[in-house]
Amino acid sequence: MNYKSGKLSWPLVVSLLTMIVFPLAVQAEKQLPNILIILADDMGWADPGVFGSEIETPNIDQFAKEGVRFTDFYTNPMCTPTRVTLMSGLDHHVAGAGSMTLFTAPNQQGKPGYEGWLLPEFKTLGDVMQEAGYETYVTGKWDLGRFPELIPRARGFDRDFVMLDSHGSHYNMTNLYADNPKLVFTEDGKYLSRLPDDYYSSKTFTDKMISFIDDGRKSGKPFFAFLSYQAPHDPHHVDEPWRSMYQGVYDKGWTYFHRQRFQTQKEEGLLPDGVELAERYWYLPDSEILSPVVRATVGRHMELYAGMMTNMDYHIGRLVQFLKDIGEYDNTIIVFFGDNGPEGNNTFEAITAPGLANNIFRARNWSEEHHINVLGTPNSYPEYGAGWAQVSTTPFYGHKSYPSEGGIRNSLIVKMPGSELADGSIRGDFMHVSDIMPTLTELTGQEFPNGKATGKSWLGIFKDPDSQVRSEDDWVGWEIMGAMALRKGNWKILNNWRPYGTGEWQLYNLENDWAERHDLAKERPELLKELVALYENEFMPDNNIILPNRAVSESLWNTMPVRFPQYDNYPPGMYRKQYIPPADMIAEPKE
């Protein structure tokens, strides 16, 4: 104070304002919640423990105890399309990934929306969270483009350590293709010449995320973290002790676990009354009739998959403990889900078939498959196949690449500080991955940046448990490689490739037909006509759908076994047991 004038001097006023206002600004920023999105790769709806699985996932399960499980959450049928929608809030046909680059049809090539990556004109979650005052971090599988203008540093992320490709080794830079032999990684905007010592995907992605959050604490800003695991995508690589953790567990076969998970889901209250278990794929044997040695051999592949899930959960636990140690866990929104259904197509077998250049590449780089005990090590390429994929999607039908429920419905867990929803509750709101961008823009007081939002914000249900994310009039559509679907309310139309479908539109009531066993197209022709018109006249033109003139599925009807309905214990002769007479009627022969 200037005692002569009785007024504060200007230098002192500025100093006092700086002392008062700056800490308040930092405090205001810190009151915003941190946001952590954890994405699993090719994980089925039924794979986390809290969704009916026997796989040990205690840290994921804890999210459910402290948050909410959502049973009607949808993604897109494949990984790049889901990631494009997650990052942009747009349908993937609009934002640049109308198809996977591996499968783009001749009439789609060169067309806008079918480039195979997230187009640079659209803002990402990284961009909008930066603009909201967040530190932004991403580690893991990127799969949104490899050019300099498409990598995380150019898309709104302050820090990054990512694999730009869609899949490959979990231990090194080995890719799957002779003409594309090396995986590409970036760290903080630079392309890496090699990987860190002791690299393993889930471990290193977690290590890097922890270091980014720790380094960013000095900024005083909240963080937005996208931890995009490569697990449990094939190849099913995993370290000990997880590699041997489930040894012998899956010798009972996929039929046993398909039924067991279904029973657990009913007991846990995850399924509405009347839901049936999906029929077994027509081209798979009932594992009950397989010999013990065959069941043990195919079971080894599921052992590795389960080990990867538990290993991923272990590393999630390390991140959670770090957040608790620095006092940020309680102020962190956590969103956990998988990017699509599990991989049941054995794609690696197809792209490395004998006679192809890729087959020679496989022999040189992925040849350690000669003994069951070598599976899961760096130079092996284990895939678990359709039998176990159907276990992962219990109770649904279908898997990755199909818009059947098993290919697009995934387990979602949200832990939301300050939520009005009861901890540990289960909800059946109709939700979609496109909702995440509008949810976060509303949370941070921003407008949706990419034109008209098709997704719906989730904030309403966390404030008012009586509200719903979507009404009976809201709908979502899907298309991938010519397979089509649309859900409006509880009604779904599906047009899948033959023989996975009929090649014609089918109609299902998802109120209790989650397994898509009862086609109602003939019983409700007017409803079918209405929904097909909605698909063709609104979804397709509004979302840049170009149906392919070629598809990898086009010969399946001719090369796969003829499809017939599957029934338990049919044919009965395969299940006939030894007859044992009553003990008191057994006698030795008379001499």
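Residues numbered from 1 in each chain as written. Predicted model: local features only at pLDDT ≥ 70, side-chain atom pairs only at ≥ 80, totals over all residues. Heavy atoms only, no water.

Here we look at the overall build of the chain
Heads up, the condition is: Secondary structure elements follow DSSP: runs of H or I of four or more residues count as helices, runs of E of two or more count as strands, with numbering from the N terminus. Throughout, radius of gyration means the C-alpha value; the globule benchmark is 2.2 Å times the number of residues raised to the power 0.38. For every residue, the accessible area obtained with a 1.4 Å probe (protein chains only) is divided by the maximum for its type, and the residue is called buried under 20%, exposed over 50%, and partly exposed between those limits. The contact definition used throughout considers only heavy atoms, calling two residues in contact when any of these lie within 4.5 Å.
A count of helical and extended segments in the chain gives 16 helices and 17 strands. Taken over the C-alpha trace, the chain has a radius of gyration of 26 Å; the compact-globule value for 591 residues is 25 Å, and the two agree within 12%. With the C-alpha coordinates of the chain rotated into their principal frame, the extents come out at 135 × 55 × 55 Å. Evaluated residue by residue, the chain yields a buried proportion of 58% over its 591 residues. Of all intrachain contacts in the chain linking residues separated by at least 6 positions in sequence, the fraction that spans at least 24 positions is 73%.

What about the packing of aromatic side chains?
Selection rule: Pairing of aromatic rings covers Phe, Tyr and Trp, the last through its six-membered ring, and needs centres within 6.5 Å; plane angles under 30 degrees mean stacked, over 60 mean edge-to-face, and all others mean tilted. Note on geometry: a ring has a charge over it if NZ (lysine) or CZ (arginine) is within 6 Å of the ring centre and within 35 degrees of the ring normal.
This model, assessed by the stated rule, comprises 40 aromatic pairs. Between W45 and F51, the ring centres sit 5.2 Å apart and the planes meet at 75°, which makes this aromatic pair edge-to-face. Like W45, the residue F51 is buried in the burial classification. Each ring, one from W45 and one from W514, has its centre 6.1 Å from the other, and the planes form 85°; the classification is edge-to-face. In this pair, W45 is assigned in the loop between β1 (34-40) and α2 (58-66) and W514 in the loop between β17 (506-509) and α15 (525-542), connecting sequence segments 469 residues apart. Site record: aromatic cluster; members linked through ring pairs are Y281, W282, Y283, Y397, Y402, W497 and Y500. The side chain of R470 reaches across the aromatic face of F430, ending 5.3 Å from its centre. When the ring centre of F430 is taken as origin, the NZ or CZ atom of R487, which lies over that ring, is 4.3 Å away.

Looking at the nonpolar core
For clarity, the cut-off: By convention a nonpolar core is built from buried Ala, Val, Leu, Ile, Met, Phe, Trp, Tyr and Cys residues, the set being connected through side-chain atoms within 4.5 Å.
Within the largest apolar cluster, 86 residues are counted, with the highest numbers of intra-cluster contacts made by F63, I213, M312, I316, L319, L323 and F336. Ranked by the residues each element gives to this core, the list is headed by helix α8 (residues 292-325), at 12 residues. For M312, the residues in contact, after removing those within four places along its chain, are A40, I60, S202, Y229, A231 and F336. If you look at the next biggest cluster of nonpolar residues, it comprises 46 residues, including I35, V128, F157 and F224.

Some words on the pairing of strand β5 (residues 174-177)
The criterion, for reference: At least two DSSP bridges between two strands are needed for those strands to be called paired.
Across 2 bridges, β5 lies against strand β6 (residues 180-182) in antiparallel orientation. Counted as the bridge partner of T174 is K182 from β6. Hairpin connection from β5 to β6: 2 residues lie between these consecutive antiparallel strands.

Observations regarding the side chain of K208
Of note, K208 is situated in helix α6 (residues 201-216). In contact with K208, other than residues within four places in its own chain, are T139, F161 and E187.

Quick notes on the pattern of salt bridges
Convention followed: A side-chain nitrogen of Lys or Arg and a carboxyl oxygen of Asp or Glu constitute a salt bridge if their distance falls within 4 Å.
For the structure on display, the rule yields 31 salt bridges. Here D188 and R159 are joined by a salt bridge, their closest N and O atoms 2.9 Å apart. Here the residue D188 occupies a position in the loop between β7 (185-187) and β8 (190-191), and R159 occupies one in strand β4 (residues 159-163), the gap between them amounting to 29 residues. Since its relative accessible area comes to 22%, R159 is described here as partly exposed. Residue D474 is joined to K456 by a salt bridge in which the shortest nitrogen-to-oxygen separation is 3.7 Å. Of this pair, D474 sits in the loop between α14 (459-463) and β14 (475-480) while K456 sits in the loop between α13 (436-443) and α14, and the two are 18 residues apart along the sequence. When its relative accessible area of 19% is taken as the criterion, D474 is described as buried. Take K456: its relative accessible area is 31%, and that puts it in the partly exposed class.

Structural notes on the environment of Q230
What counts, and what does not: The definition of a polar contact used here is a pair of N or O atoms within 3.5 Å, where within protein one atom must be able to donate a hydrogen and the other to accept one, and adjacent residues in sequence count solely through side-chain atom pairs.
Along the chain, Q230 falls in the loop between β9 (223-228) and α7 (254-267). For Q230, a relative accessible area of 0% translates into the label buried. Distance in space between the C-alpha atoms of Q230 and D41 is 5.4 Å, their sequence separation being 189 residues. Leaving out residues up to four positions away in the same chain, Q230 has contacts with D41, M163, H167, G168, S169, H170, Y199, S201 and F205. Separated by 2.9 Å, the side chain of Q230 and the backbone oxygen of G168 make a polar contact.

Some points on the sheet that holds β14
The strands that make up a sheet pair up through hydrogen bonds in the backbone, lying either parallel or antiparallel. Applicable threshold: Axis definition: a line fitted to C-alpha atoms, limited for helices to the stretch in contact. Angles are taken between N-to-C directions and run from 0 to 180 degrees.
Strand order in this open sheet of 4 strands is β14-β15-β16-β17, and the pairing throughout is antiparallel. The sheet terminates laterally at β14 and β17, the two strands that pair on one side only. Between one strand axis and the next, the sheet turns by 15° as a mean value, whatever way the strands run. Inspection of the sheet shows strand β15 (residues 483-488) paired to strand β16 (residues 491-495) by 5 bridges, in the antiparallel sense. Paired with R487 across the bridge in β16 is K492. On the sheet, α15 packs against β14, β15, β16 and β17 and is oriented at approximately 110° with respect to β15.

Overview of unusual backbone geometry
With the exception of glycine, the majority of residues adopt a negative phi angle, and the majority of peptide bonds are in the trans configuration. For the bond from D234 to P235, the omega torsion is 0°, close enough to zero to count as cis. With respect to the element layout, P235 can be found in the loop between β9 and α7. For the bond from T394 to P395, the omega torsion is 5°, close enough to zero to count as cis. Positive phi, close to 50°, is recorded for D188, a residue that is not glycine. Despite not being glycine, N569 shows a phi value in the positive range, around 60°. Within the secondary structure, N569 is located in the segment after α16 (556-559).

A closer look at the confidence of the model for the chain
Parts of the model with low pLDDT should not have their predicted coordinates read in detail. Stated precisely, the cut-off is as follows: The pLDDT value expresses, per residue, how confident the predictor is, ranging between 0 and 100.
For the chain, the mean per-residue pLDDT works out to 93, and 95% of the residues sit at or above 70. A low-confidence stretch, residues 1-30 stays under pLDDT 50, and its non-local contacts, those more than four residues away or across chains, total 16 contacts.

Here's the deal with the packing of α7 against helix α11 (residues 385-392)
Applicable threshold: Angles below 35 degrees are treated as roughly parallel, those above 145 as roughly antiparallel, those between 65 and 115 as roughly perpendicular, and all remaining angles as oblique. Three classes are used, and their members are as follows: Ala, Val, Leu, Ile, Met, Phe, Trp, Tyr, Cys and Pro are nonpolar, Asp, Glu, Lys and Arg are charged, and the others, Gly among them, are polar.
Close contact between α7 and α11 brings their axes to 9 Å; oriented N to C, the two are set at 10°. In this view, α7 runs roughly parallel relative to α11, as classed from their interaxial angle. Taking contact as the criterion, the partners of W254, F257, H258 and R261 in α7 are, on α11, G387, W388, Q390, V391 and S392. Looking at the contact of α7 with α11 residue by residue, the classes come out as 4 nonpolar, 4 polar and 1 charged.

Focus on α8
Convention followed: In a helix, the anticipated span is given by 1.5 Å times the number of residues less one. To obtain the bend at a residue, axes are fitted to the seven residues ending there and to the seven starting there, and the angle between these axes is taken.
Here α8 contains 34 residues, and its C-alpha end-to-end distance of 48 Å stays within 8% of the 50 Å for a straight helix at 1.5 Å per residue. At R300, α8 shows its largest bend, some 25°. Of the residues trailing α8, G327 is marked for its positive phi of about 75°.

Remarks on the pairing of β14
Burial analysis of β14 places 5 of its 6 residues in the buried class, which makes it a mostly covered element. Where β14 folds back onto β15 in an antiparallel hairpin, the turn is made up of 2 residues, including M481, whose phi is positive at roughly 55°.

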